[in-house]
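Descriptive structure summary
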Amino acid sequence: MTTEYRVSVHYDEGTILYIDADSPEQAQEKAEKILLDEASVSYSSDYAPDVVHRDYMVVECEEWKGG
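Right, let's walk through the structure included here.

What counts, and at which threshold
Residues numbered from 1 in each chain as written. Predicted model: local features only at pLDDT ≥ 70, side-chain atom pairs only at ≥ 80, totals over all residues. Heavy atoms only, no water. Helix = DSSP H or I, 4+ residues; strand = E, 2+ residues; numbered from the N terminus. Patch = residues over 30% accessible without salt bridge, like charges linked within 9 Å, V, L, I, M, F, W, Y side chains within 5 Å. Areas by Shrake-Rupley, 256 points an atom, 1.4 Å probe, with all protein chains shown as cover. Salt bridge = Lys/Arg side-chain N within 4 Å of Asp/Glu carboxyl O. Buried < 20%, exposed > 50% of the residue type's maximum accessible area, 1.4 Å probe, protein only. Phe/Tyr/Trp six-rings, centres within 6.5 Å; stacked < 30°, edge-to-face > 60°. Polar contact = N/O pair within 3.5 Å; in protein donor to acceptor, adjacent residues only side chain to side chain.

Another aspect to go through is the environment of Thr15. Within the secondary structure layout, Thr15 lies in the segment before helix 1 (24-38). Between the alpha carbons of Thr15 and Cys61 there is a distance of 12 Å; along the sequence they are 46 residues apart.

Right, here's the structure in full:
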């Protein structure tokens, strides 16, 4: 017979977003809104996930000229 365990995990991921904006400040604001509204990790309901903490931040913002 198995025993069920509650396991706290931390997931860290870096992503680059390409955002149209009038200034670096506006681009950062848009990125923060995207992180708040859309960023998530999906787990199977088999594990009864319960998000207890979320950190997000804009790390860098630079004008992009293609590449």
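More follows now that the structure is in view.
Taken together, the side chains of Tyr5, Val7, Val9, Tyr11, Val41, Tyr43 and Tyr47 present a nonpolar region at the surface, about 850 Å² in accessible area. Looking at the secondary structure, you find Tyr11 in the segment before helix 1.

Right, let's get into the pattern of salt bridges. Evaluation of the coordinates by the stated rule reveals 1 salt bridge. A salt bridge links Lys33 to Asp37; the shortest N-O distance between them is 2.5 Å. One end of the pair, Lys33, and the other, Asp37, are both in helix 1, 4 residues apart, so they sit about a helical turn from each other. On the basis of relative accessible area, Lys33 is assigned to the exposed category, the value being 52%.

This paragraph deals with unusual backbone geometry. The phi dihedral of Ala48 falls on the positive side, at around 45 degrees, and the residue is not glycine. Along the polypeptide, Ala48 turns up in the segment after helix 1. The exposure class assigned to Ala48 is exposed, which follows from its relative accessible area of 61%.

Next up on the list: the packing of aromatic side chains. For the structure shown, the criterion picks out 1 aromatic pair. Here the aromatic rings of Tyr18 and Trp64 are separated by 5.4 Å at their centres, their planes lie at 65 degrees, and the arrangement is edge-to-face. Taken together, the residues Tyr18 in the segment before helix 1 and Trp64 in the segment after helix 1 connect sequence positions 46 residues apart. The exposure classification of Tyr18 matches that of Trp64, with both residues exposed.

Glancing now at the environment of Asp55. Its place among the elements puts Asp55 in the segment after helix 1. Along the chain, Asp55 and Leu36 lie 19 residues apart, while their C-alpha atoms are 9.5 Å from each other. Within polar-contact distance, the side chain of Asp55 engages the side chain of His53 at 3.0 Å.

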